[in-house]
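A closer look at the structure
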Amino acid sequence: MNPSSPLEQNLDPQNWDAMRALGHRMVDDMMTYLETLRERPVWQPMADEAREFLHQPPPMTPTTPEAVYAEFTENILPYPLGNIHPRFWGWVIGTGTPMGALAEMLAATMNPNLGGGDHAANQVELQVIEWFKTLFDFPAEASGILTSGGSMANTLGLTVARNIAAEFDIRHEGLSAAPRTMRFYASTEAHSSVKKAAEMLGLGSDHLRLIPVDENFEMIIPELEKAIAEDRAAGYYPFAVVGNAGTVNTGAVDDLEAIADICQREKLWFHVDGAFGALVALSPELKPMVKGMERADSLAFDLHKWLYIPIEVGCVLVRREPDHFNAFATRASYLASHERGAAGGTHWFSDYGIQLSRGFRALKVWMSVREHGIEKYGQVIAQNVAQTAYLAQLVDAALELERLAPVPMNIVCFRYVVPGMDDEALNTFNKELLMRLHESGVALPTYTVLKGKYVIRVAHVNHRSRREDFDLLVETVVKIGNELKEAMGVGA
Ligand SMILES: Cc1ncc(COP(=O)(O)O)c(C=O)c1O
């Protein structure tokens with residue numbers, strides 16, 4: 001029993017045995033929940049009562065831990081987004097694993113702060129970063145940091161680029177001291193987080209010059225060269241290029257070697273957004289797809305996408321550690337590192353990013369990679385790519401469906417076609433079809449717009465999917481499309 005008096009309270013359980021029993025029950029329930037995923041819909045709308053339950057005034061008095069858990073299982077647990085399910089292929093959201101979930105519990109129990117100090121958790125993060133430096137052929141002098149995700153990894157990488165490439169002391173003087181307007185480049189298919197970074201870094205999205213893409217949705221390299229030359233002639237200061245290792249819309253990979261060559265020649269920072277695509281490098285047979293990525297000055301990638309680690313965790317690697325350090329390091333007196341003791345340690349992650357307090361996201365990565373080994377990850381990633389090619393075949397074979405983009409990696413974009421219907425009407429039709437598909441609970445792809453055409457988009461980073469899941473997807477899309485066509489009285 002907790003011996004605290006009413007005058008000296010704490011938040012530990014009144015009854016440790018009861019809390020232990022509840023913890024065991026939670027673990028049992030969660031393992032069963034994951035084991036039986038296939039028996040449930042991918043997604044279902046929240047019941048009104050559950051929604052209402054989550055609109056209450058702040059609770060001023062206690063509820064027993066058992067009752068709080070019951071509220072969770074009744075009102076929250078039945079309504080996931082769906083990305084744990086074998087037939088979820090929406091946005092680019094990974095699946096998670098049981099070990100990843102358990103590691104989250106262990107990390108929260110230790111509850112360390114990875115901003116700095118001399119303790120084991122920092123060493124775990126350093127170890128994870130060393131692993132990815134090796135796997136992605138980065139040099140020993142590179143550094144890195146785990147982030148909340150790809151958006152933050154892109155932002156940190158581009159911050160280093162901006163700070164290091166600037167012709168002036170940007171950290172002290174700010175952008176208003178710039179003798180020339182700074183500009184950087186990415187393809188029109190670059191992820192929205194790159195634009196957000198341009199805005200947040202004070203560069204302005206007008207100065208992120210978007211380079212057109214070819215029919216494979218890859219950056220047209222001569223257009224990049226032309227844009228840089230034009231901007232130099234117009235008095236701008238080009239400082240960086242973002243290459244895509246797997247675009248969010250279609251999984252296209254830019255010619256990273258060519259971009260690396262241009263950056264070398266033009267003295268520009270080469271940032272690669274490899275949010276999910278970078279991970280194909282774990283598969284020996286797929287690794288050539290991202291050739292040139294290893295030449296990046298900074299590389300952003302996510303571990304919560306194609307390493308299937310529970311959300312959140314991404315990473316940025318920076319080729320030269322001093323660049324990384326010099327972009328962020330700042331130490332107030334209360335943060336100075338000491339020669340010995342808990343404030344010791346030579347590598348404080350708060351010197352390599354924006355966060356001071358940082359969670360132990362490294363543990364779930366470390367434990368998962370230890371559990372499965374890199375070879376297995378490479379195999380499952382390759383399996384995802386093969387399953388995606390299988391889906392593309394199914395789409396191509398279905399008379400009602402039209403594929404709208406090449407399938408270089410793990411994304412298939414397609415739509416249901418109604419003969420005689422124009423693009424605008426087809427856009428509305430396919431959007432309605434997709435919402436009905438979500439409501440059916442059978443499968444959950446999402447959407448994008450390619451050249452003005454609304455498409456159903458499957459982005460596959462799901463270790464639980466089987467080929468039969470894609471059979472069911474195509475059958476169900478065709479069935480819903482046929483029903484919708486009939487209900488609207490359109491088509492033949
Ligand atoms: C290519 C690309 N870059 C960046 C991101 C952003 O990553 P996150 O959602 O982890 O912030 C995504 C997300 O899907 C992406 O596909």
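Before any of the text, the structure's been laid out above.
Presented here is an overview of the structure given in this document.

Cut-offs applied
- Residues numbered from 1 in each chain as written.
- Predicted model: local features only at pLDDT ≥ 70, side-chain atom pairs only at ≥ 80, totals over all residues.
- Heavy atoms only, no water.
- Helix = DSSP H or I, 4+ residues; strand = E, 2+ residues; numbered from the N terminus.
- Rg over C-alpha atoms; globule rule 2.2 N^0.38 Å.
- Buried < 20%, exposed > 50% of the residue type's maximum accessible area, 1.4 Å probe, protein only.
- Contact = heavy atoms within 4.5 Å.
- Areas by Shrake-Rupley, 256 points an atom, 1.4 Å probe, with all protein chains shown as cover.
- Lys, Arg positive; Asp, Glu negative; His and termini not counted.
- Charge placed at Lys NZ, Arg CZ, Asp CG, Glu CD.
- Near = heavy atom within 4 Å.
- Polar contact = N/O pair within 3.5 Å; in protein donor to acceptor, adjacent residues only side chain to side chain.
- Pairing = 2+ DSSP bridges.
- Axes fitted to C-alpha atoms, helices over the stretch in contact; angles between N-to-C directions.

Some details on the overall build of the protein
Counting secondary structure elements, the protein contains 15 helices and 12 strands. In terms of overall size, the protein behaves like a compact globule, its C-alpha atoms giving a radius of gyration of 25 Å where 492 residues would be expected to give roughly 23 Å. Its C-alpha atoms give the protein principal-axis dimensions of roughly 80 × 60 × 45 Å. By residue count, 51% of the 492 residues in the protein fall in the buried class. Residue pairs in contact within the protein that sit at least 24 positions apart in sequence constitute 72% of those at least 6 positions apart. Here the protein displays about 23,000 Å² of accessible surface, and carbon together with sulfur accounts for 55% of that area. Where the 43 positive side-chain charges of the protein centre and where its 63 negative ones centre are 3 Å apart.

Looking at the site of the ligand
In the vicinity of the ligand lie 15 residues, with Gly150, Ser151, Asp273, Asp302 and His304 positioned nearest. Contacts to the ligand include Gly150, whose backbone N or O atom sits 2.8 Å from an oxygen atom. Within the side chain of Asp273, a nitrogen or oxygen atom sits 2.7 Å from a nitrogen atom of the ligand. Notes on the ligand: free accessible area 390 Å², of which the protein chains cover 85%. Examining the composition of the shell around the ligand, we find that 3 residues originate from one element, helix H6 (residues 150-165), more than from any other.

Focus: the sheet that holds strand S11 (residues 444-450)
Pairing is mixed in the open sheet, where 5 strands are placed in the order S1-S11-S12-S10-S9. Only two strands of the sheet have a single partner each, and these edge strands are strand S1 (88-89) and strand S9 (401-403). Pairing between S11 and strand S12 (residues 453-459): 5 bridges, direction antiparallel. Looking at the pairing, Thr448 lines up with Val455 of S12. Relative to the sheet, helix H13 (residues 374-397) contacts S9, strand S10 (411-416) and S12, its axis offset from that of S10 by approximately 20°.

Points about the side chain of Lys364
If you trace the backbone, Lys364 turns up in helix H12 (residues 361-372). Polar side-chain contacts of Lys364 include one of 3.1 Å to the backbone oxygen of Pro310. Those residues in contact with Lys364, other than ones at most four positions away along the chain, are Gly100, Ala103, Glu104, Ile309, Pro310, Ile311, Glu312 and Val313.

Overview of the pairing of strand S8 (residues 314-318)
The element S8 is largely enclosed, with a buried count of 5 among its 5 residues. Alternating positions in S8 separate into two faces, Gly314, Val316 and Val318 on one and Cys315 and Leu317 on the other, with burial throughout. Pairing geometry for strand S2 (residues 143-147) and S8, over 5 bridges, is antiparallel. Bridging from a neighbouring strand, Ser143 pairs with Val318 of S8. Here 5 bridges tie strand S7 (residues 298-302) to S8, and the two strands are oriented antiparallel to one another. Each residue of the ladder has a partner; that of Ser298, found in S8, is Val318.

So, the environment of Phe429
Mapped onto the elements, Phe429 comes out in helix H14 (residues 423-440). Residue classification places Phe429 among the buried residues on the basis of a relative accessible area of 2%. Put simply, Phe429 and Ala101 are 328 residues apart on the chain and 39 Å apart in space, counted from C-alpha to C-alpha. Each residue touching Phe429, except ones within four places of it in the same chain, is listed here: Tyr416, Val418, Met421, Gly481, Leu484, Lys485 and Met488.

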